[in-house]
Amino acid sequence: MMHQFLTDNRAELIARCRSKVAQRSASGTPGDELDFGVSVFLDQLIKTLQVEQTSEPMRSRKVSGPTGGGKPELSEIGESAALHGKELLQHGFTLDEVVHDYGDLCQAISDLAFERGETIGIDEFRTLNRCLDNAIANAVTEFGYQHDVALAERQAMELNERLGFFAHELRNQLCTATLALSIIKQGKVGLSGATGGVLDRALVGLGNLIDRSLAEVRMTAGIPVQNRLYSLADFIAEIKLSATLEADVKGCVLKVSEVDPLLAIDVDRDLLLSATGNLLQNAFKFSRPRSEIALNAYAVADRILIDVEDRCGGLAAGAADTMFLPFVQEGEDRSGLGLGLSISRRSVEANHGLLSVRSIPGSGCVFTIDLPRHLVADPD
């Protein structure tokens, strides 16, 4: 009887299957038997064969399921195979390995039966095939379902992150516009002055943000955003105009270095303005009151470096490794979404640059945007 052969050689069959998995699997795949793996299926196969030797052989369908596929029906093999498909996905197996996992047992049974001179009857072989078919079908179906669920969850998380980026930037631009308008309403400055210019630029920035969101859609469709050559001095002057207003409101002093007028950057202006603006907003937010925040732009060899130095007191151990992740907030001020630094890094990297941070213990941090160096085009 096949069920007796399987019972007597259960440990050997499981060992052979485990060896096949180890030879086929990538490094890091667990070598131990999974909770709903071959051993569970083997026990259910033995139970099916035993029931088929009784006076009510059709009761075996409660264990193994019906033959011929069709509409799924509840069975012990179907239930455990579905759980096995789920755990295979969780342990990093591929869909191909799901099928091989059950095929290993079929091969192990055939090889061992041949070695031991054991004869497997036609009906018993049909039962083996039925059990394997149902197990594979249920495992593959559940594997595919769980894979789709995981993919959908990851896509939803990415969508939420993108929406968070968009909302964060909208808030920043709106905040600048609101600050400018509040000062204008006090009657101390007019619309035609520098503060009016800040208001105008903030409103333009809101429009640019929408345009960038549309640009992201175009990039997803394979249409890249075009960079342009800009004067570094003009870029820093534009940043200074809006940042000075926020520095006044926050009670800080913004110190901006002189910039070589021959230096240029080849960037998406709006993205780099966003990145630098976020760094300055963080500097004002986390620095001690009446601190001096420094904005320096200069060239070193073939690179242009833009430094934003704050007075936050320095970083805690390990903070530099996580602070650029989305939704991470390291400081005591937890207003906002914790997206600013993540947005800044993405924006800088989109311009073929790097964003890094250096902690000065007891003083603050220096955030550095590292970009390729260019020169202002010769008008002649």
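Use the structure listed above.
What counts and what doesn't
- Residues numbered from 1 in each chain as written.
- Predicted model: local features only at pLDDT ≥ 70, side-chain atom pairs only at ≥ 80, totals over all residues.
- Heavy atoms only, no water.
- Helix = DSSP H or I, 4+ residues; strand = E, 2+ residues; numbered from the N terminus.
- Expected span 1.5 Å × (residues − 1).
- Buried < 20%, exposed > 50% of the residue type's maximum accessible area, 1.4 Å probe, protein only.
- Contact = heavy atoms within 4.5 Å.
- Axes fitted to C-alpha atoms, helices over the stretch in contact; angles between N-to-C directions.
- Parallel < 35°, antiparallel > 145°, perpendicular 65-115°, else oblique.
- Left-handed = near helix turned anticlockwise from the far one by under 90°.
- Nonpolar A, V, L, I, M, F, W, Y, C, P; charged D, E, K, R; others polar.
- Pairing = 2+ DSSP bridges.
- Phe/Tyr/Trp six-rings, centres within 6.5 Å; stacked < 30°, edge-to-face > 60°.
- Salt bridge = Lys/Arg side-chain N within 4 Å of Asp/Glu carboxyl O.
- Bend = angle between axes of the 7 residues up to and from the residue.
- Polar contact = N/O pair within 3.5 Å; in protein donor to acceptor, adjacent residues only side chain to side chain.

Student: Could you clarify how one ought to interpret helix 5 (residues 76–90) in this entry?
Tutor: Between its terminal C-alpha atoms helix 5 stretches 21 Å, which fits the 21 Å expected from 15 residues at 1.5 Å a residue. Taken residue by residue, helix 5 has Ile77, Gly78, Ser80, Ala81, Ala82, His84, Gly85, Glu87 and Leu88 as its buried positions. Turning to helix 5, the residues buried within the fold contact helix 3 (38–51), helix 4 (61–64), helix 6 (95–116) and helix 7 (122–185). At the exit of helix 5 stands Gly92, carrying a positive phi of roughly 85°.

Student: Please clarify how unusual backbone geometry should be interpreted in this entry.
Tutor: Peptide bonds are trans in most cases, and residues, glycine excluded, mostly fall at negative phi. Look at Arg290: it is not a glycine, yet its phi comes out positive at around 65°. With respect to the helices, strands and loops of the structure, Arg290 is situated in the loop between helix 10 (269–286) and strand 4 (292–300). The backbone of His352 sits at a positive phi, close to 60°, despite the residue not being glycine. On the secondary structure map, His352 appears in the loop between helix 12 (340–350) and strand 6 (354–360). Taking the relative accessible area as the measure of exposure, His352 reaches 61% and is therefore exposed.

Student: How do you make sense of the packing of helix 5 against helix 6 when you look at a structure like this?
Tutor: Axes are the key here: two packed helices are described by the angle between their axes and the distance separating the axes. Contact geometry for helix 5 and helix 6: axes closest at 10 Å, N-to-C directions at 130°. In terms of axis orientation, helix 5 runs oblique to helix 6. In terms of crossing hand, the pair formed by helix 5 and helix 6 is right-handed. Where helix 5 approaches helix 6, its residues Ala81, His84 and Leu88 are matched on the opposing element by Val98, Asp101 and Tyr102. Residues of the contact of helix 5 with helix 6, tallied by class, amount to four nonpolar, one polar and one charged.

Student: Just checking my understanding: could you explain the sheet that holds strand 6 for this structure?
Tutor: Strand order in the open sheet formed by five strands is 2-4-5-7-6, with mixed pairing between adjacent strands. If you trace the sheet from one side to the other, it starts and ends with strand 2 (253–256) and strand 6, each paired once. Along the sheet, successive strands turn relative to each other by an average axial angle of 15°, direction set aside. Pairing geometry for strand 6 and strand 7 (residues 364–372), over seven bridges, is antiparallel. Residue pairing in the sheet places Leu354 in a bridge with Asp370 of strand 7. Across the sheet, helix 9 (residues 232–250) is in contact with strand 2, strand 4 and strand 5 (303–309); its angle to strand 2 comes to roughly 170°.

Student: Even after reading the chapter, I still don't get the packing of aromatic side chains, so can you show me in this structure?
Tutor: For any pair of aromatic rings, the description consists of the separation of the ring centres together with the inter-plane angle of the planes. Taken as a whole, this structure holds one aromatic pair when the rule is applied. Ring plane angle 80° and centroid distance 5.4 Å describe the contact between Phe41 and Tyr102, whose orientation is recorded as edge-to-face. Here Phe41, found in helix 3, pairs with Tyr102, found in helix 6; they are 61 residues apart in sequence, far enough to count as distant. The class of Tyr102 is buried, set by a relative accessible area of 3%.

Student: Help me out: how do you make sense of the sheet that holds strand 3 (residues 263–267) in this one?
Tutor: Judged by pairing direction, the sheet is antiparallel, and its three strands sit side by side in the order 1-3-8 without closing on themselves. In the strand order of this sheet, the two ends are held by strand 1 (228–231) and strand 8 (374–375), each with one partner. Sheet topology places strand 1 next to strand 3; four bridges connect them, and they run antiparallel. Counterpart to Ser231 in the pairing with strand 3 is Ala264.

Student: What's the story with the pattern of salt bridges in this structure? I'm lost.
Tutor: The full count for this structure, using the stated rule, is eleven salt bridges. Among the salt bridges present, the one from Arg126 reaches Asp123, with a minimum N-O distance of 3.8 Å. Residue Arg126 and its partner Asp123 are located together in helix 7, separated by three residues, close to a single helical turn. Classification of Arg126 as exposed rests on a relative accessible area of 56%. What makes Asp123 exposed here is its relative accessible area of 56%. Two residues, Glu238 and Arg269, come together in a salt bridge whose shortest N-O distance is 2.4 Å. In this pair, Glu238 sits in helix 9 while Arg269 sits in helix 10, placing the two residues 31 residues apart along the sequence. A single salt-bridge network, built from bridges that share partners, covers Glu12, Arg16 and Glu115.

Student: What's the story with helix 9 in this structure? I'm lost.
Tutor: The periodicity of an α-helix, 3.6 residues per turn, causes residues three or four places apart in sequence to face the same way. Helix length check: helix 9 (19 residues) gives 26 Å between terminal C-alpha atoms against 27 Å at 1.5 Å per residue, within 8%. In helix 9, a bend of some 25° at Ala243 exceeds every other bend along the element. When helix 9 is considered as a whole, its buried residues turn out to be Leu232, Phe235, Ile236, Glu238, Ile239, Ala243, Leu245, Glu246 and Ala247. N-capping of helix 9 is provided by Ser231, with a side-chain oxygen placed 3.3 Å from the backbone N of Ala233. Just downstream of helix 9, Gly251 is the residue with a positive phi angle, here 75°.

Student: How do you make sense of the pairing of strand 4 when you look at a structure like this?
Tutor: Two faces belong to every sheet, and in a regular strand the side chains alternate between them. Across four bridges, strand 2 lies against strand 4 in parallel orientation. The residue bridging Lys255 from the neighbouring strand is Ala294, located in strand 4. Bridging between strand 4 and strand 5 involves seven bridges; their strand directions are antiparallel. Within the sheet, the bridge partner assigned to Tyr298 lies in strand 5 and is Leu305. What sits between strand 4 and strand 5 in their antiparallel hairpin is a turn of two residues, with Ala301 showing a positive phi close to 55°.

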